[in-house]
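Structure at a glance
Below are the chains, spelled out letter by letter.
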Amino acid sequence: MICFKYSLNQDSVELQASDWSGLERVYVNGEMVSSKLNFAGQSEHQVPLKDGNKAKFQLFIDPQTEEVMCRIYKKGQLVASLKQGQQNLSRAQNLLWQSLLGVSMVGGLVILMVH
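All chains use their own residue numbering, which begins from 1 and follows the written sequence. Only residues with pLDDT of at least 70 get local features here, since the model is predicted, and only at 80 or more are side-chain atom pairs given and counted; chain-wide, interface and lining totals rely on the full set of residues. The side-chain figures draw on all heavy atoms in the structure; neither hydrogens nor water molecules are used.

**Section: the side chain of Ser34**
Secondary structure counts use DSSP, requiring at least four H or I residues in a row for a helix and at least two E residues in a row for a strand, with both numbered from the N terminus. On the secondary structure map, Ser34 appears in strand S4 (residues 31–37). When accessible area is computed with a 1.4 Å probe and restricted to protein chains, residues below 20% of their type maximum are described as buried, those above 50% as exposed, and intermediate ones as partly exposed. By relative accessible area, Ser34 is classed as buried at 15%. Engagement of the side chain of Ser34 in a polar contact is seen with the side chain of His45, the distance being 2.7 Å. If we skip the residues at most four places from it in the chain, Ser34 touches Glu24, Arg25, Val26, His45 and Val47. We call two N or O atoms a polar contact when they sit within 3.5 Å, provided that within protein one can donate a hydrogen and the other can accept it, with sequence-adjacent residues counted only if both atoms are side-chain atoms. Whether two residues are in contact is decided by their heavy atoms, any of which lying within 4.5 Å being enough.

Next comes the structure, spelled out in structure tokens:
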């Protein structure tokens, strides 16, 4: 799970993205305001804020550093560029592959035992 948190004036905003399921969620002041499935290398969410303005969240993987980045815009102006390193992403991907391998091995053993 990747999580970016930021304070925009009176609003607490948070973007959560699961490397397992591709589910992304954006919360404003603890309330989920946007949700989508994403398996691409980038996505965008536009969400309402308490002051009536909208914030735009761009989530993507920087091709040069391979860091997961979240850019936050308000009124069309970049207000934050948050990063999580490749180490976090690699750890989550390794866990996913290990889980898939384990499930495959168990499935293979079940098939062998049935026959």
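Following the structure, the description resumes.
**Things to note about the confidence of the model for the protein**
Confidence in the prediction for the protein averages 80 pLDDT; 73% of positions are at 70 or higher. Per residue, pLDDT measures the predictor's confidence, with a range of 0 to 100. Within the protein, the lowest mean pLDDT, 54, falls on helix H1 (residues 86–114), and the highest, 94, falls on strand S3 (residues 23–28).

**Considerations on the pairing of strand S2 (residues 11–17)**
On any regular strand, side chains alternate: one points to one face of the sheet, the next to the other face. In terms of burial, S2 is a largely internal element, five of the seven residues being buried. Between any two strands, at least two bridges found by DSSP are needed for them to pair. Two elements, strand S1 (residues 2–8) and S2, share seven bridges in a ladder whose sense is antiparallel. In the strand pairing of S2, Ser7 is matched with Ser12.

**Considering the sheet that holds strand S7 (residues 68–74)**
By definition, the strands of a sheet pair up through backbone hydrogen bonds, in either a parallel or an antiparallel sense. Pairing is antiparallel across the open sheet formed by four strands, whose spatial order is S5-S6-S7-S8. Of all the strands in the sheet, the pair left with one neighbour each is strand S5 (42–48) and strand S8 (77–84). For this sheet, the mean inter-axis angle between neighbouring strands, taken without regard to orientation, is 15°. Pairing of S7 with S8 involves seven bridges; the strand directions are antiparallel. Of the residues in S8, the one forming a bridge with Lys74 is Gln77. Each axis is a line fitted through C-alpha atoms, taken for helices only over the stretch in contact, and angles between the N-to-C directions span 0 to 180 degrees.

**Some details on the sheet that holds S1**
Taken together, the four strands give an open sheet; going across it, the order is S1-S2-S3-S4, and neighbouring strands pair in antiparallel fashion. Both outer strands of the open sheet, S1 and S4, are each paired with one neighbouring strand and no more. Along the sheet, successive strands turn relative to each other by an average axial angle of 15°, direction set aside. As paired strands, S3 and S4 are joined by six bridges and run antiparallel to one another. Residue pairing for S4: Leu23 is matched across the bridge by Leu37.

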